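# Inside the fold
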Amino acid sequence: MATNIFSIGQSALQAAMAAQATTSHNISNATTPGYNRQEVVQSSAGGINYGYGFVGQGTQVTQIKRIYDDLLTKQALASQTSASSLDSYYSQISQINNTLADSQAGLSPALQNFFSAVQGLASNPTTQASRQSVLSQASTLAARVQSLSDQLQQSSAAVNSQITSTISTVNSYAQQLSALNQAIVKATGSSGGQAPNDLLDQRDQVVAELNKYVKITTVPQDTGAISVFIGTGQALVAGDQVSTLVATNSPTDVSRLQVGVQTTGGGTSTIPDSFFYDGGSLGGLLKYRTETLDPTQNSLGRIAIALGTAFNQQQQLGLDQNGNPGTNLFNVSSPNLIAYPTNTGTTNLTATISDPSKLSTSDYNMSYDGTNYTLTRLSDGTKTTYTAANFPVTVDGVTYSNGAAAPGPYAPTMTAGDMFKIQPTANGAQGFSVALQNTQLLATAAPIVTAINATNNANLVMPATNTGSGIVTNTSVDPTTFQQGSSVSFATTVDTTVTPNQTKLAATWSGATPTPSVTLTYPDGTSSTVTGTTPFNYQSGMTVTSGGLTYTLTGSPNAGDQFNFTPTAANQGTATISTGSVTSAYLTTTTPLTKPTTLTYNTAAAPPAFTISPAVPAGGGTITHLDGTTTAIAGGATSIPYKAGDSFAISGVSFQISGQPSNGDQFTISANTNAASDNRNTLAMGALQTATTIAGTNFQGSYSQLVATIGNKTNEINVTNTAEKSRLAAIQSQQQSESGVNQDEELAQMIQNQQQYQAAAKIIQAASDMLNVLFTLGT
């Protein structure tokens, strides 16, 4: 029995030693990252039946248990990878937010200063200082746009750099995991299935570190190894097999790095960015680039393209200081077309910005299956299919065709399976610059002028068939007696029945009721009057007055000679005409209204209308009434109906007539010959500041929307990140409360182990004493 007691004491002593060693191991690793507290698991060694019952045989250590909560670990991994992603996203977007919203370095002050300079030029169109101010502020604006674009490109370069470094880190951790897998499998096999706790802790710590860079999923294997998958399922480690990640150029943008994996054949397979969006700093970077960086670059480019195009179009609608049509103020980039490396054919696909106000901030793909063309908007995945007959196709302000002139066909030539990426605005900011350097080339003037007839004019026309030497001088029109819209012709005859032959004149009035009489004043001061159509004897130097028209005729007119007058008196009505403006149609019309064009009011028309001369050009026009309704004007029309306040648009010329004209009142539209002091086109440029030019808003509004969008997203990421970090801290705290080492608890356990050791020693001492007694009795 004493021997049995000795064995029991020995087992207790060994258990106490194991417990003390484990407690000491815990204490020494209290600050080791990823270490999980261990504890000794004991069980009874059983008993021997002596007939009167079972006598215990002591204790045995069955396991060194790792205190590990798989659920909490997975929760911590999920929260950590999310927090890492948000951290990465926030660090990048906050830089853009600070740049765009800066009251000094942002685009807003440059826009404001530029438009202030334009307004200053409108006030002083003839001064070189005002003109130079516009060009200087335009250069500052272009430099600011390019500076912002450069900062965005620097952010893109930073993303590339971090992608490269992150891939290197991930590959290093993958190699460590592979080595740990091998060590764990070997240790588990050689220990009879006992868990190598410290190796497991090391592997879990590597997994946790890797999880900060990419979201991972682990799958345990029967051998004790684990398989590790990243993103949405890409295998990184399978036992001791490791996949190597590489940074590879995007197939559609060599300046853009993506994540790839080396294939067994030595090639590289690109992994879509979206595979990593769910977590990790790499996912945050890629998500930031797709969700924020690219749209921001496109938004800035859209503003630059819309602003540059709007000003260029307005420049072209004006006249510069030399009276010549305006040229482009800004250089504006075109859409970027990128062929996919897998394309097998060539193409004549063209993309042209036709309406900057409808541009989106998305990129697009154009693919061809041999029959149909599919255009995909990448921001939301919207797909639209077209046949060859549909071209040219215009989507979101961009027109796609093969660039052919009318009448086409316009469908681009593509090979089945080919695909192109279209970036309408990506290069817009970088390509934005000032095209003008000469202040005289600023087109401040409008190309047309309008006027009312403010003077009296006899409007004499002598036919080319006249053969005599009659000369008309001293013409005048009395507006108080002249009937507006009427005309008169004086025809010459010769009476051969008298000697010498007598030259006679006779008046023929049109539009005057009743027919006016004719008063004759001779050179000697005498006068006489005849009825309207009665021929009268001619004397050289006589003055003729009829219906408000007065003129003096000298010389020797011959028989058949005519003197035709279409007098116009100064307008008598209250009607006025606006200064007028032109639209883009004015640049392409072959029959502009600047020849000049005269509008004469005719009360005899039903309803009253303007007689237009020359006739309305072939393209016709439109009348917009005050109530918003419209009336079409046919090409070739010579009469245009009128209601007070009507606005007219004909051949790219727009003007409005207000008030009530009198019969015969005239209005003219003609070419501007005084461009140097005209500011009307500059006023139109200034109006672009508040005009709806981009997606339902103006330039400043579009930029403010961009700033607000980035600001809101930055705040959203920050708030979400703060909440996720709080959640992670709570999980880690709970995890440490179970698996972490508490020094006070371990110290108490150490004292307990010492007491157990001492008690076990007493058992052995008691057994030894009992044996000594037995030996003594035996002696």
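As shown above, the structure is provided for reference.
Description of the structure in this document. (Residues numbered from 1 in each chain as written. Predicted model: local features only at pLDDT ≥ 70, side-chain atom pairs only at ≥ 80, totals over all residues. Heavy atoms only, no water.)

### Quick word on a nonpolar patch on the surface
Residues Ile-48, Tyr-50 and Tyr-52 make up a contiguous nonpolar surface patch of about 330 Å² in total accessible area. Mapped onto the elements, Tyr-52 comes out in the loop between strand 2 (47-49) and strand 3 (54-56). (Patch = residues over 30% accessible without salt bridge, like charges linked within 9 Å, V, L, I, M, F, W, Y side chains within 5 Å. Areas by Shrake-Rupley, 256 points an atom, 1.4 Å probe, with all protein chains shown as cover. Salt bridge = Lys/Arg side-chain N within 4 Å of Asp/Glu carboxyl O. Helix = DSSP H or I, 4+ residues; strand = E, 2+ residues; numbered from the N terminus.)

### Description of the pattern of salt bridges
When the charged atoms of two side chains lie near each other, side chains of opposite charge can form a pair. The final tally for this structure, using the stated rule, is 15 salt bridges. Close ionic contact of Asp-87 with Lys-725 constitutes a salt bridge, the shortest N to O distance being 2.9 Å. Taken together, the residues span a long stretch of sequence, with Asp-87 in helix 2 (residues 70-100) and Lys-725 in helix 9 (residues 699-739) at a distance of 638 residues. Look at Asp-87 and you get partly exposed, because its relative accessible area is 32%. Note on Lys-725: relative accessible area 41%, which makes it partly exposed. Salt-bridge contacts for Lys-212 lead to Glu-209; the nearest nitrogen and oxygen are separated by 3.4 Å. With Lys-212 and Glu-209 both in helix 5 (residues 197-213) and 3 residues apart, the pair spans about one turn of that helix. (Buried < 20%, exposed > 50% of the residue type's maximum accessible area, 1.4 Å probe, protein only.)

### Topic: the sheet that holds strand 39 (residues 639-641)
Ordered in space as 22-42-35-36-39, the 5 strands form an open sheet in which the pairing is antiparallel. Two strands lie at the open edges of the sheet, namely strand 22 (448-452) and strand 39, each paired on one side alone. Across the sheet, the axes of successive neighbouring strands diverge by a mean angle of 20°, strand direction being ignored. As paired elements, strand 35 (residues 597-602) and strand 36 (residues 609-613) share 5 bridges and run antiparallel to each other. Among the inter-strand pairings, Asn-602 is bridged to a residue of strand 36, identified as Ala-609. (Pairing = 2+ DSSP bridges. Axes fitted to C-alpha atoms, helices over the stretch in contact; angles between N-to-C directions.)

### As for the packing of aromatic side chains
Enumeration over the complete set of coordinates arrives at 21 aromatic pairs. Relative to Tyr-642, the ring of Tyr-601 has its centre 6.2 Å away and its plane inclined at 85°; by these criteria the two rings are edge-to-face. Taken as a pair, Tyr-601 in strand 35 and Tyr-642 in the loop between strand 39 and strand 40 (647-650) lie far apart in primary sequence, 41 residues in all. Summarising the burial analysis for this pair, Tyr-601 and Tyr-642 share the class buried. Among the aromatic residues, those joined into a ring-pair cluster are Phe-114, Phe-115, Phe-311, Phe-330, Phe-432 and Phe-699. One Lys or Arg, Arg-66, reaches over the ring of Tyr-68 and ends 4.3 Å from the middle of that ring. (Phe/Tyr/Trp six-rings, centres within 6.5 Å; stacked < 30°, edge-to-face > 60°. Lys NZ or Arg CZ within 6 Å of the ring centre and 35° of its normal.)

### Things to note about helix 3 (residues 107-123)
Compared with the 24 Å implied by 1.5 Å per residue over 17 residues, the 25 Å span of helix 3 between its first and last C-alpha is a close match. Within helix 3, the full set of buried residues consists of Leu-107, Ala-110, Leu-111, Phe-114, Phe-115, Ala-117, Val-118, Leu-121 and Ala-122. Buried residues of helix 3 fall within an arc of 150° about the axis and therefore sit on the same side. Buried residues along helix 3 sit in contact with helix 4 (128-190), helix 6 (280-316), strand 12 (330-331), helix 8 (680-687) and helix 9. (Expected span 1.5 Å × (residues − 1). Arc of directions from axis to C-beta. Contact = heavy atoms within 4.5 Å.)

### A closer look at the environment of Thr-629
Position of Thr-629 relative to the elements: it lies in the loop between strand 37 (621-624) and strand 38 (630-633). Classification of Thr-629 as partly exposed rests on a relative accessible area of 39%. Sequence separation between Thr-629 and Gly-192 is 437 residues, and the spatial gap between their C-alpha atoms is 94 Å. Setting aside its immediate chain neighbours within four residues, Thr-629 contacts Ile-623 and Thr-624. Polar contacts involving the side chain of Thr-629 include one to the side chain of Asp-627, which spans 2.6 Å. (Polar contact = N/O pair within 3.5 Å; in protein donor to acceptor, adjacent residues only side chain to side chain.)

### Describing the nonpolar core
Side chains of a nonpolar character, in soluble globular proteins, are inclined to be buried together. By size, the foremost hydrophobic cluster in this structure holds 74 residues, and its most contacted members are Phe-114 and Phe-311. Examining the composition of this core, we find that 16 residues originate from one element, helix 4, more than from any other. Not counting residues up to four positions away in its chain, the partners in contact with Phe-114 are Val-134, Gln-137, Ala-138, Leu-141, Phe-311, Leu-329 and Phe-330. (Core = buried A, V, L, I, M, F, W, Y, C linked by side-chain atoms within 4.5 Å.)

### Considering the sheet that holds strand 5 (residues 216-220)
Pairing between the strands of a sheet comes from backbone hydrogen bonds, and it takes one of two forms, parallel or antiparallel. The strand order 5-6-7-8 describes an open sheet built from 4 strands, whose pairing is antiparallel. Two strands bound the open sheet, and with one partner strand each, they are strand 5 and strand 8 (241-242). One ladder, built from 2 bridges, connects strand 7 (residues 234-238) with strand 8; its direction is antiparallel. When the sheet's bridge partners are listed, Ala-238 is paired in strand 8 with Gln-241. Running at roughly 40° to strand 7, helix 4 makes contact with strand 6 (226-230), strand 7 and strand 8 of the sheet. Against the sheet, helix 5 touches strand 5, strand 6 and strand 7, its axis set at about 155° to strand 5.

By themselves, these figures tell us nothing about what the structure is for.
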